[in-house]
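Geometric and topological summary
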Amino acid sequence: MGRFILISIVISNNAIGAIFGGYDDRVAAKDNFLHSSGTIFCDGGLRGSATHIRHSEIPNNFKYSIILSAAHVLYKEGTSEQFKECVFKPQNKRLTSIGFYGLSDHRFSPGLEDKLLLSINDLVFIALKSKLPHGGMTLGLASSDYRSLQLVGYNEDKNNISVSSACQTFSSVTFSSDKLLLHDCDAGSGASGGPIIDQNSKEIIAVHGGTFYIDDEDHSQIFKTYPTARPESLINQGRRIDEEVIVNLTNFIVSLSTDS
């Protein structure tokens, strides 16, 4: 596949994500997305974004709601230590918090040296202690190419849930992974864990994880200049929804149903 040097990968919501093009195109999310979206706060600080999901296997008497996010938002930056207390804030409402009941099994390990594998494992389902009032969004199996994507996530500049539209996947000749979706959706600090949505089906087809930096260029100022998406140097990426993810969700629902 040619030369592949992964200098660093942004897997922390505290880091600035990539904004591509001449300006930041994100706009405030409207009700159809906002009602299913929210933010994750851990130990008093905002750590990332999450989405309420629905699934046909969830029973009618289920006493939990399930949200989907990136696993790394639950860990202290640069360590393998989880935050002590995390809550979900629906629609990023500061006065509304719902505690976590449990996490799905996942293989995310912050100390892993293989950063590509780290990103592939960067997804988690979270059961909340109480039910959310809205139905949530559905998952869809990701295909190889999308021309019309939307990324929903926290916007630090406007302190709201925003949508990046008119974005799409792109391919890298340097490397490829059938587990990751490479995209050019604008994503700033706090967007980690936000859903990447197929604009046609309105299904979640990936979860935004962060930004790859490739080769040895200095990217310290690149975000301030709103760079053009360059597949061989700067890549926004998300974990695809595939059969493995669906099976993980189904097993999580079964385990929670036993508790119910």
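This report concerns the structure included in the present document. (Residues numbered from 1 in each chain as written. Predicted model: local features only at pLDDT ≥ 70, side-chain atom pairs only at ≥ 80, totals over all residues. Heavy atoms only, no water.)

Evaluation of the coordinates by the stated rule reveals two disulfides. The side chain of C167 participates in a disulfide bridge whose partner is C185; the two sulfur atoms lie 2.2 Å from each other. Of note, the bridge from C167 to C185 carries an S-S torsion of about 80° and is right-handed in sense. Of the two residues, C167 is situated in strand β10 (residues 160-167) and C185 in the loop between β11 (180-183) and β12 (195-198); the sequence distance between them amounts to 18 residues. Accessibility assignment for this pair places C167 and C185 in one class, buried. The disulfide pattern of the protein is 1-2, 3-4 when the bonded cysteines are numbered in sequence order. (Disulfide = S-S within 2.5 Å. Helix = DSSP H or I, 4+ residues; strand = E, 2+ residues; numbered from the N terminus. Buried < 20%, exposed > 50% of the residue type's maximum accessible area, 1.4 Å probe, protein only.)

Along the chain, the position of S69 falls in strand β5 (residues 65-69). Overall, the relative accessible area of 0% leaves S69 in the buried class. There is a polar contact of 2.7 Å between the side chain of S69 and the backbone oxygen of S49. When near neighbours in sequence (up to four residues on either side) are disregarded, S69 contacts I40, S49, A50, D122, L123, V124, S192, G193 and V207. (Polar contact = N/O pair within 3.5 Å; in protein donor to acceptor, adjacent residues only side chain to side chain. Contact = heavy atoms within 4.5 Å.)

Tracing the backbone shows K131 in the loop between β8 (124-128) and β9 (149-155). For K131, a relative accessible area of 46% corresponds to the partly exposed category. Counting along the chain gives 68 residues from K131 to K63, while the straight-line C-alpha distance between them is 6.3 Å. Excluding its chain neighbours within four sequence positions, the residues that come into contact with K131 are N60, F62, K63, Y64 and S65. Engagement of the side chain of K131 in a polar contact is seen with the backbone oxygen of F62, the distance being 3.1 Å.

Moving on to the environment of D186. Looking at the secondary structure, you find D186 in the loop between β11 and β12. The exposure class of D186 is buried, given its relative accessible area of 4%. Beyond its immediate chain neighbours, meaning those up to four positions away, D186 contacts A18, I19, F20, Y23, D24, D25, R26, L151 and S164. A polar contact is formed between the side chain of D186 and the backbone nitrogen of D25, at a distance of 3.1 Å.

Turning our attention to the pattern of salt bridges. Scanning the entire structure with this criterion turns up seven salt bridges. Between D242 and R239 there is a salt bridge, with the nearest N and O atoms lying 3.1 Å from each other. Each of the two residues, D242 as well as R239, counts as buried. By sharing partners, the salt bridges in this structure join R107, K179, R239, D242 and E244 into a single network. (Salt bridge = Lys/Arg side-chain N within 4 Å of Asp/Glu carboxyl O.)

Working note: non-glycine residues mostly have negative phi, and peptide bonds are mostly trans. With a phi close to 50°, N159 is a non-glycine residue in the positive phi region. Although it is not a glycine, K202 adopts a positive phi angle of roughly 65°. Relative to the elements of secondary structure, K202 occurs in the loop between β12 and β13 (204-214). In this structure K202 comes out as partly exposed when scored by relative accessible area, which is 38%.

Now for the packing of aromatic side chains. One pass over the full model with this rule turns up three aromatic pairs. Between the aromatic rings of Y75 and F108, the centroid separation amounts to 5.5 Å while the plane-to-plane angle is 50°, which identifies the pairing as tilted. Note that Y75 is positioned in the loop between β5 and β6 (86-90) and F108 in the loop between β7 (98-103) and α2 (115-120), a separation of 33 residues in sequence. Neither residue differs from the other here; Y75 and F108 are each classed as buried. An aromatic cluster of at least three residues, connected via ring pairs, comprises F62, Y64 and Y101. In this structure, K89 is placed above the aromatic ring of F41, and the distance from its NZ or CZ to the ring centre is 5.2 Å. (Phe/Tyr/Trp six-rings, centres within 6.5 Å; stacked < 30°, edge-to-face > 60°. Lys NZ or Arg CZ within 6 Å of the ring centre and 35° of its normal.)

Counting 46 residues, the largest nonpolar core has L74 and F125 as its most contacted members. No other element matches the six residues that helix α3 (residues 243-259) contributes to this core. Of all hydrophobic cores here, the second largest spans eleven residues; its members include L151, L181, I205 and A206. (Core = buried A, V, L, I, M, F, W, Y, C linked by side-chain atoms within 4.5 Å.)

Right, let's get into the pairing of strand β14 (residues 234-240). Within a regular beta strand, the side chains point alternately toward one face of the sheet and then the other, so they alternate between its two faces. Burial of β14 is extensive: seven of the seven residues sit out of reach of the surface. Two strands pair when backbone bridges link them, and β11 and β14 are joined in this way by four bridges, in the antiparallel orientation. When the sheet's bridge partners are listed, L181 is paired in β14 with G238. (Pairing = 2+ DSSP bridges.)

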